[in-house]
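Secondary and tertiary structure notes
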Amino acid sequence: MVRFPAIPQAIVFDLDGVLFDTEALYRDALLAAAAEAGIHMPLSLCQRMVGLHGHAARMLLHEHVGDDTDLDTVWTGTSERYHAMLDTDLRLKPGVTALLDTLDELGMPRAIATSSSHGTAIHHLEAFGLRDRFDALVASGDCERCKPFPDPYLRAARILNKPTGSCLALEDSQAGVRSAVAAGLPTIMVPDLQQPSAELRRLCAGVVGDLDEVNAWLRGACDSTSEARAH
């Protein structure tokens, strides 16, 4: 399942699509706002936006619709719909709490590296009482370049004071995987809206269905190491 060469010294999580089930909410909000503005938006275009910073996503949309559409209207409409959905439909992804419990037991530090804003990340974490369960948060505005550039993951590893090669990244998107891998972090992809291409699978240390699989692998790897030391 996983080709990670050793038990990681730290884990760096993506936020949207890995910790929180928000990517589908944003997709639906964007599709509705685009339709209201008279824009036909292919689902494939929405999926390409997953994991990107707002500016990069906006540029993709601009390439699709050209200069004749008021993108501010689309973006405002998307934001209003999305935040309304968050009030009622924000959910944790399966396995989050159990994996954090395991990291607590192991004393393993963890961080978040996200293209979302600090305010958005803190809102989500506080909604589920998770803010204090992470040692660092790298969000939009903390780095000159966002995903798919390596800067967010480099910064997260630096804050955790760990070599990048000893930190395991958990990502759901193409942009996120490329960011983490470029920073030198072995990466497990937990696909949400985007399914990995053959190329992306080669980049990843593993592709799993959910965080419960990551948890099972981590516990098994730690148990095996403990048994080996005992003998």
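Criteria and thresholds
Residues numbered from 1 in each chain as written. Predicted model: local features only at pLDDT ≥ 70, side-chain atom pairs only at ≥ 80, totals over all residues. Heavy atoms only, no water. Pairing = 2+ DSSP bridges. Helix = DSSP H or I, 4+ residues; strand = E, 2+ residues; numbered from the N terminus. Contact = heavy atoms within 4.5 Å. Axes fitted to C-alpha atoms, helices over the stretch in contact; angles between N-to-C directions. Buried < 20%, exposed > 50% of the residue type's maximum accessible area, 1.4 Å probe, protein only. Salt bridge = Lys/Arg side-chain N within 4 Å of Asp/Glu carboxyl O. Arc of directions from axis to C-beta.

Some thoughts on the sheet that holds strand β3 (residues 136–138)
- In space, the six strands of this open sheet follow the order β3-β2-β1-β4-β5-β6, with parallel pairing throughout. Strands with a single pairing partner mark the edges of an open sheet, and in this sheet they are β3 and β6 (206–207).
- Note: strand β5 (residues 187–189) against β6, two bridges, orientation parallel. By the bridge assignment for β6, Met 189 is matched with Val 207.
- Strands in contact with helix α8 (residues 174–182) are β4 (167–171) and β5; relative to β5, the strand with the most contacts, it is inclined by about 170°.

Focus on unusual backbone geometry
- With an omega of 15°, the peptide bond running from Lys 147 to Pro 148 counts as cis.
- Summarising the element assignment, Pro 148 is placed in the loop between β3 and α7 (151–160).
- The phi dihedral of Asn 161 falls on the positive side, at around 60°, and the residue is not glycine.
- Here Asn 161 is to be found in the loop between α7 and β4.

Considering the side chain of Ser 179
- Among the structural elements, Ser 179 can be located in helix α8.
- By relative accessible area, which is 0% here, Ser 179 ends up buried.
- Contact partners of Ser 179, with chain neighbours within four places excluded, come to Lys 147, Pro 148, Phe 149, Pro 150, Pro 152 and Tyr 153.

Focus: the pattern of salt bridges
- With the rule as written, the count across this model stands at 14 salt bridges.
- Among the salt bridges present, the one from Arg 110 reaches Asp 104, with a minimum N-O distance of 3.1 Å.
- Residues participating in the shared-partner salt-bridge network are Asp 101, Asp 104, Arg 110, Arg 133 and Asp 135.

Quick look at helix α6 (residues 118–127)
- Those residues of α6 that sit buried are Thr 120, Ala 121, His 124 and Leu 125. One side of α6 carries all its buried residues, which in axial view fall inside an arc of 125°.
- Phi turns positive, to about 65°, at Gly 129, one or two residues after α6.

With respect to the environment of Ala 32
- Here Ala 32 shows up in helix α1 (residues 23–36).
- Take Ala 32: its relative accessible area is 31%, and that puts it in the partly exposed class.
- Spatially, the C-alpha atom of Ala 32 lies 28 Å from that of Gly 141, the residues being 109 residues apart in sequence.

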